[in-house]
Amino acid sequence: MRLTLEIWRQKNAEDAGRFVRYELDDVSEHMSFLEMLDVLNQKLIAKGEEPVAFDSDCREGICGMCGFVIDGFPHGSQARTTVCQLHMRFFHDGQVLKLEPFRAKAFPIVKDLAIDRSSLDRVIMAGGYTSINAGGPRDANSILVGKKESDLAMDAAACIGCGACVAACPNASASLFTGAKVSHLALLPQGEPERKSRALAMADKLVEEGFGGCTVIGACAEACPKGIQLDNIARMNKDYLRGTLAFREEAAAGGTG
């Protein structure tokens, strides 16, 4: 298979960057997209040129490290597929592909297609801890959880933090990511004690990190490789409102005492 790749090349965050065209004529349909880039990089290195920088780790679609935009789609146009699990059989001979990094103020470019996603880590850290008894092992049925709640919590916990939702959103909002992280604890008894304060802290951290506001366009859910649903944003907003009212009442009560 022959491919033409137009890849965004940028030395660092300060560099202006530009698209550079590359030709590949020996792409196997059995390769993953990242394996195809490995082949390109081997050719570039052999010619004494700088290889294309991109993020990857497990290459099994579960770590959230990989990700860039392919022809306008974060992770490419295949639904619920990370770029490391995207295979070349979905493309055709002679196709021209444009590759660029996830673009958002909160995702500064490190080099080429590689970005700094540490802002998402800081949002998680803002959520703090859960009040879980870390003593001896407990019986599995000592804390009862309904099947509906456990299923929803597992669905939310499937978020791998890749940032595709941010890249797909015209506002560069990370509300789907944060909603998933808030929800998978909020739906379980173990996460209940800090439920309101967690939603407040994580939502406020979004603003501090430079993510945009959510207008519920839904592009985030369409781009998510793990199928995280918009319900999680609604749940986060509900908990944020409850937290705002609760802590306002506590502050008022403290002020009158």
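Here, the structure is the one placed above.
Engineer: Looking at this structure, how should I read the side chain of Lys 181?
Structural biologist: Tracing the sequence through the fold places Lys 181 in helix 5 (residues 175-186). Aside from chain neighbours lying at most four places away, what touches Lys 181 is Ile 124, Cys 159 and Met 202.

Engineer: Explain the packing of helix 5 against helix 6 (residues 195-209) to me, please; I cannot follow it from the model alone.
Structural biologist: What describes two packed helices is the angle between their axes and the distance between those same axes. Packing of helix 5 against helix 6 brings their axes to within 10 Å, and their N-to-C directions diverge by 165°. Regarding the angle of helix 5 to helix 6, the classification is roughly antiparallel. In the crossing of helix 5 with helix 6, the sense of the turn from one axis to the other is right-handed. Together, Ser 175, Thr 178, Lys 181, Val 182, Leu 185 and Ala 186 of helix 5 and Arg 195, Arg 198, Ala 199, Met 202 and Leu 206 of helix 6 make up the contact between the two elements. Residue composition of the contact of helix 5 with helix 6, by class: six nonpolar, two polar and three charged.

Engineer: Before we go on, may I ask you to explain unusual backbone geometry in this structure?
Structural biologist: Trans is the prevailing form of peptide bonds, just as negative phi is the prevailing case for residues other than glycine. Of note in the backbone geometry, Arg 59 takes a positive phi value of approximately 55° without being a glycine. With respect to the element layout, Arg 59 can be found in the loop between helix 1 (33-46) and strand 3 (69-70). We classify Arg 59 as partly exposed; its relative accessible area is 27%. Backbone geometry at Ala 172 places phi at a positive 55°, although glycine is not the residue there. Within the secondary structure, Ala 172 sits in the loop between helix 4 (164-168) and helix 5. Judged by its relative accessible area of 14%, Ala 172 is buried.

Engineer: Explanation requested: the packing of aromatic side chains in the structure shown.
Structural biologist: Any two aromatic rings considered together are summarised by their centre-to-centre distance and by the angle between their planes. Taken as a whole, this structure holds four aromatic pairs when the rule is applied. Here the aromatic rings of Phe 33 and Phe 68 are separated by 5.9 Å at their centres, their planes lie at 55°, and the arrangement is tilted. Here Phe 33 is found in helix 1, whereas its partner Phe 68 is found in the loop between helix 1 and strand 3, with 35 residues between them in sequence. Both rings, one in Phe 107 and one in Phe 211, keep their centres 5.9 Å apart while their planes meet at 85°; by these two values the pair is edge-to-face. Note that Phe 107 is positioned in the loop between strand 5 (95-100) and strand 6 (109-111) and Phe 211 in the loop between helix 6 and helix 7 (219-223), a separation of 104 residues in sequence. In terms of burial, Phe 107 and Phe 211 fall into one category: buried.

Engineer: Explanation requested: helix 1 in the structure shown.
Structural biologist: Along an α-helix, a turn takes 3.6 residues, which lines up residues three or four apart on a common side. Spanning 14 residues, helix 1 covers 20 Å between terminal C-alpha atoms, matching the ideal 20 Å at 1.5 Å per step. When we look at burial in helix 1, the residues that qualify are Phe 33, Leu 34, Met 36, Leu 37, Val 39, Leu 40, Asn 41 and Leu 44. Tucked inside the fold, the buried residues of helix 1 contact strand 1 (3-9), strand 2 (18-24), strand 3 and strand 5. Count one or two residues on from helix 1 and you reach Gly 48, which has phi positive near 80°.

Engineer: Before we go on, may I ask you to explain the sheet that holds strand 2 in this structure?
Structural biologist: Two pairing modes exist for strands in a sheet, parallel and antiparallel, and in both the strands are linked by backbone hydrogen bonds. In space, the five strands of this open sheet follow the order 2-1-5-3-4, with mixed pairing throughout. Each having just a single partner strand, strand 2 and strand 4 (73-74) make up the two edges of the open sheet. Taken together, the five bridges between strand 1 and strand 5 define a ladder with parallel strand orientation. Looking across to strand 5, one finds that Leu 5 is bridged to Leu 97.

Calculation criteria
- Every chain's residues receive numbers from 1 upward, in the order its sequence appears when written.
- Owing to the predicted nature of the model, reporting of local features is limited to residues with pLDDT of at least 70; listing and counting of side-chain atom pairs is limited to 80 or more, with chain, interface and lining totals taken over all residues.
- Each side-chain value is derived from all of the structure's non-hydrogen atoms; neither hydrogens nor water enter the calculation.
- The helix and strand labels rest on DSSP assignments: H or I over at least four residues marks a helix, E over at least two residues marks a strand, and numbering proceeds from the N terminus.
- We call two residues contacting when some pair of their heavy atoms lies within 4.5 Å.
- Each axis is a line fitted through C-alpha atoms, and for a helix only the stretch in contact is used; angles between axes span 0 to 180 degrees, taken between their N-to-C directions.
- By the definition adopted for this analysis, an angle is roughly parallel if under 35 degrees, roughly antiparallel if over 145, roughly perpendicular if from 65 to 115, and oblique otherwise.
- By the definition used in this description, the sense in which the near helix is turned from the far one sets the handedness, with an anticlockwise turn below a right angle giving left-handed and a clockwise turn giving right-handed.
- Note on residue categories: nonpolar means Ala, Val, Leu, Ile, Met, Phe, Trp, Tyr, Cys or Pro, charged means Asp, Glu, Lys or Arg, and polar means any other residue, Gly included.
- Each residue is placed in one exposure class: buried if its accessible area under a 1.4 Å probe, protein chains only, is under 20% of its type's maximum, exposed if it is over 50%, and partly exposed if it falls in between.
- Centre distance within 6.5 Å is the pairing criterion for rings of Phe, Tyr and Trp, where only the six-membered ring of Trp is used; planes under 30 degrees apart are then read as stacked, over 60 as edge-to-face, and the remainder as tilted.
- A helix is expected to span 1.5 Å multiplied by its residue count minus one.
- Any two strands with at least two DSSP-identified bridges between them are counted as paired.

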